[in-house]
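Each chain, written out:
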There are 2 protein chains.
Amino acid sequence: MALIENTTAPVSGPAQLLAEMVADRIRQKVVSGELSPGEHLSEVALSEELQVSRNTLREVFRLLTKEGILRHEANRGVFVATPSISTIIDIYRIRRLIECQALAEGYPNHPAIARMKKAVEAARQAREEGKWLSVGSADIAFHAAIVELADSSRLSSFFAQILLELRLVFGLLQDPEYLHAPFVDQNQKLLEQVELGNFRTAAEMLDSYLLQAERFIMLAYARAIEG
Amino acid sequence: MALIENTTAPVSGPAQLLAEMVADRIRQKVVSGELSPGEHLSEVALSEELQVSRNTLREVFRLLTKEGILRHEANRGVFVATPSISTIIDIYRIRRLIECQALAEGYPNHPAIARMKKAVEAARQAREEGKWLSVGSADIAFHAAIVELADSSRLSSFFAQILLELRLVFGLLQDPEYLHAPFVDQNQKLLEQVELGNFRTAAEMLDSYLLQAERFIMLAYARAIEG
DNA sequence: CTGTCCATAATGTTGAACAATCTTTCCTGT
DNA sequence: ACAGGAAAGATTGTTCAACATTATGGACAG
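Here the structure is a predicted model, which means the values were calculated and not measured.

Regarding its fold elements, chain A presents nine helices and three strands. Along the chain direction, N to C, the helices and strands of chain A fall in the order α-β-α-α-β-β-α-α-α-α-α-α. With respect to the three principal axes, the spread of C-alpha positions in chain A is 75 × 45 × 35 Å. Residues counted as buried form 46% of the 227 residues belonging to chain A.

Residue and element names in this part refer to chain A. Tracing the backbone through its elements, the reader meets Gly68 in the loop between helix 3 (54-67) and strand 2 (70-73). In this structure the C-alpha to C-alpha distance between Gly68 and Ala145, which are 77 residues apart in sequence, comes to 21 Å. In contact with Gly68, other than residues within four places in its own chain, are Ala81 and Glu165.

Turning to the pattern of salt bridges, a few remarks are in order. As a working rule, side chains carrying opposite charge can pair if their charged atoms are close by. Summed over all chains, the structure comprises 42 salt bridges over all chains. Close ionic contact of Glu34 of chain A with Lys29 of chain A constitutes a salt bridge, the shortest N to O distance being 2.8 Å. Exposure remark for Lys29 of chain A: the relative accessible area of 9% places this residue in the buried category. Here Glu20 of chain B makes a salt bridge to Arg62 of chain A, at a shortest N to O gap of 3.9 Å. Here Glu20 of chain B is found in helix 1 (residues 18-32), whereas its partner Arg62 of chain A is found in helix 3 on a different chain. Look at the salt bridges and you will find they share partners, linking Glu20 and Glu59 of chain A together with Glu43, Arg54, Arg58 and Arg62 of chain B into a network.

Moving on: the packing of aromatic side chains. Residues and elements named next belong to chain B. Tallied over the entire structure, the rule returns three aromatic pairs over all chains. Their ring planes at 50° and their centres at 5.2 Å tell us that Tyr178 and Phe216 sit as a pair that is tilted. Pair noted here: Tyr178 is in helix 8 (residues 176-195) and Phe216 is in helix 9 (residues 199-226), with a separation of 38 residues, a long-range link. Classification of Tyr178 by relative accessible area gives partly exposed; the value is 46%.

So, about the interface of chain A and chain B. Listed by partner, the interface residues are 29 residues for chain A and 30 residues for chain B. Counting the surface lost from both chain A and chain B, the interface buries some 2,800 Å², and carbon and sulfur atoms represent 57% of this. Across the contact surface, chain A and chain B share 12 salt bridges. Measuring nitrogen to oxygen at the nearest pair gives 2.0 Å for the salt bridge that ties Glu59 of chain B to Arg62 of chain A. Our count for the chain A to chain B interface comes out at 16 residue pairs in polar contact (both at pLDDT 80 or more). Listing elements by their share of the side of chain A that touches chain B, those giving two or more residues are helix 1 (18-32), helix 3, helix 4 (85-104) and helix 7 (153-172) of chain A.

All names here are of chain A. Sheet architecture is open: three strands sit in the order 1-3-2, paired in antiparallel fashion. The strands lining the two open edges of the sheet, one partner per strand, are strand 1 (40-41) and strand 2. Note: strand 1 against strand 3 (residues 77-80), two bridges, orientation antiparallel. By the bridge assignment, His40 is partnered in strand 3 with Phe79. The strands that helix 3 touches are strand 1, strand 2 and strand 3; relative to strand 2, the one it contacts most, it runs at about 110°.

Okay, the UniProt feature "domain: HTH gntR-type" (unreviewed entry) in chain A next. The UniProt entry lists residues 16-83 of chain A under the feature "domain: HTH gntR-type" (unreviewed entry), expressed in the numbering used here. With 54% helix and 15% strand, the stretch residues 16-83 of chain A has end C-alpha atoms that lie 31 Å from each other.

Turning our eyes to something else, we now look at helix 1 of chain A. When the terminal C-alpha atoms of helix 1 of chain A are compared, their 21 Å separation across 15 residues agrees well with the 21 Å that a helix rising 1.5 Å per residue should span. For helix 1 of chain A, the set of buried residues is Ala19, Val22, Ala23, Ile26, Arg27, Lys29 and Val30 of chain A. In an axial view of helix 1 of chain A, the angular spread of the buried residues amounts to 160°, which keeps them on one side of the axis. Elements in contact with the buried residues of helix 1 of chain A: helix 2 (43-50), helix 3, strand 3 and helix 7 of chain A together with helix 3 (54-67) of chain B.

For the rest of this paragraph, the subject is the domain arrangement of chain A. Residue and element names in this part refer to chain A. Its domain assignment divides chain A into domain 1 (18-80) and domain 2 (85-226). Centre-to-centre separation of domain 1 and domain 2, based on C-alpha positions: 27 Å. In this complex, domain 1 contributes nine residues to the contact, which on the side of domain 2 involves six residues. Contact with domain 2 buries surface across domain 1, with Val31, Pro37 and Glu67 losing the most and accounting together for 56% of the total.

Parameters at a glance
- Residues numbered from 1 in each chain as written.
- Chains lettered and ligands numbered in written order.
- Predicted model: local features only at pLDDT ≥ 70, side-chain atom pairs only at ≥ 80, totals over all residues.
- Heavy atoms only, no water.
- Helix = DSSP H or I, 4+ residues; strand = E, 2+ residues; numbered from the N terminus.
- Buried < 20%, exposed > 50% of the residue type's maximum accessible area, 1.4 Å probe, protein only.
- Contact = heavy atoms within 4.5 Å.
- Salt bridge = Lys/Arg side-chain N within 4 Å of Asp/Glu carboxyl O.
- Phe/Tyr/Trp six-rings, centres within 6.5 Å; stacked < 30°, edge-to-face > 60°.
- Buried area = accessible area lost by both parts, 1.4 Å probe.
- Polar contact = N/O pair within 3.5 Å; in protein donor to acceptor, adjacent residues only side chain to side chain.
- Pairing = 2+ DSSP bridges.
- Axes fitted to C-alpha atoms, helices over the stretch in contact; angles between N-to-C directions.
- UniProt positions renumbered as here; feature names shortened; annotations may be inferred.
- Expected span 1.5 Å × (residues − 1).
- Arc of directions from axis to C-beta.
- Domains from an automatic or database assignment.

Pasting the structure below:
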């Protein structure tokens, strides 16, 4: 009789792995600002909201904690990571080290250059439309493309993580226009040098841009945590 | 009555998180060669052997897969990662990029230099005693210390992962003496330059050492997968 | 020998249970 | 009134058992 009936009903098998999909959704929630830095993520609440079991959610937490966008405290659960000054310093130290080196050793006709160009165009478009969050995304894509010049899958995915953490920092800051607008033209200038084959010059420009951006963001950060 | 009696008995609570401990044990199994590249890790078998539940083990699998020492295939489970030629290329590309840059921008009296010195001494000691696996460990520690010159926690832990993958490669190769012996003296020479404050010189030496090591290991690898 | 079907085993995912730990509340004694 | 502490409640850590889904291996037919 009804004893054999199955009550739990995952009607359709997972096309992709469930945990990966959930991880994507949480990443997006963090980037979009739906989840704020420092916020506590309750296992029961989130598992109900996302319609997954606690076990699956915990697998996701492990992933995202390793990625650095969540923080884990024993017996207290996970929280959205709260970037600090030292986070910003660390991120920009890494950006200068990796991006400049990748750029300096780039070569003409590398497929990543096309992606850089596309990102610059997307950024200009988004700027005209006033979509500052999209400008930020395009800026991220541009710098991810720079790292792809190094032709290293491991380096690229590591750098993607770093850029994701940077987006967390951006989320903390106000005034996205003031924040993202200057980068559009800088990226454009970088791309011009790259297309001329002047990779060394481009790398030097990038280094100074990044130093400048770091100071800029540190200031905005200091302003944000006070006001 | 006995209904309330508890049958499951984890008598003592976890001092540290169980999953982290299990992850350490599996990492060690991989590094020590107890688990070989390509080997399939059964969830039931391993969870029984390590005395943890399947769920906990799956959390660990997620971690180690992200670290790159395990590989996940949908509906087929996890396997110990099998380094390929392109893995070696990728690893050494990253090593040259990160290590040389970190070394070039190092400065005297940095605490990491003491760690480099300690690693060199440990390596010499281990070599005299013929403990080639320890020589390998010391070599790893030496290069991890170089990266710590960059003072970036994120970069250091990323690089630790890369070096762990490299150990996987070593596990694939025969003749650890032939493999590790040359590095001891090279590291010694590097350290001498660093202690003299010649960071630029050291960085250039390191670059050529790494190029040399890459060729060396590629050859050993090619020999290993054939014979 | 090759392709199909079925039994078997593995993974993917869930829900419930309980132990350990943290948090809040409330009581008590001074 | 208030500091200290015990009890109650909520949350995480971990396990287990169940079941759906997907691979694997073998028997069998052509």
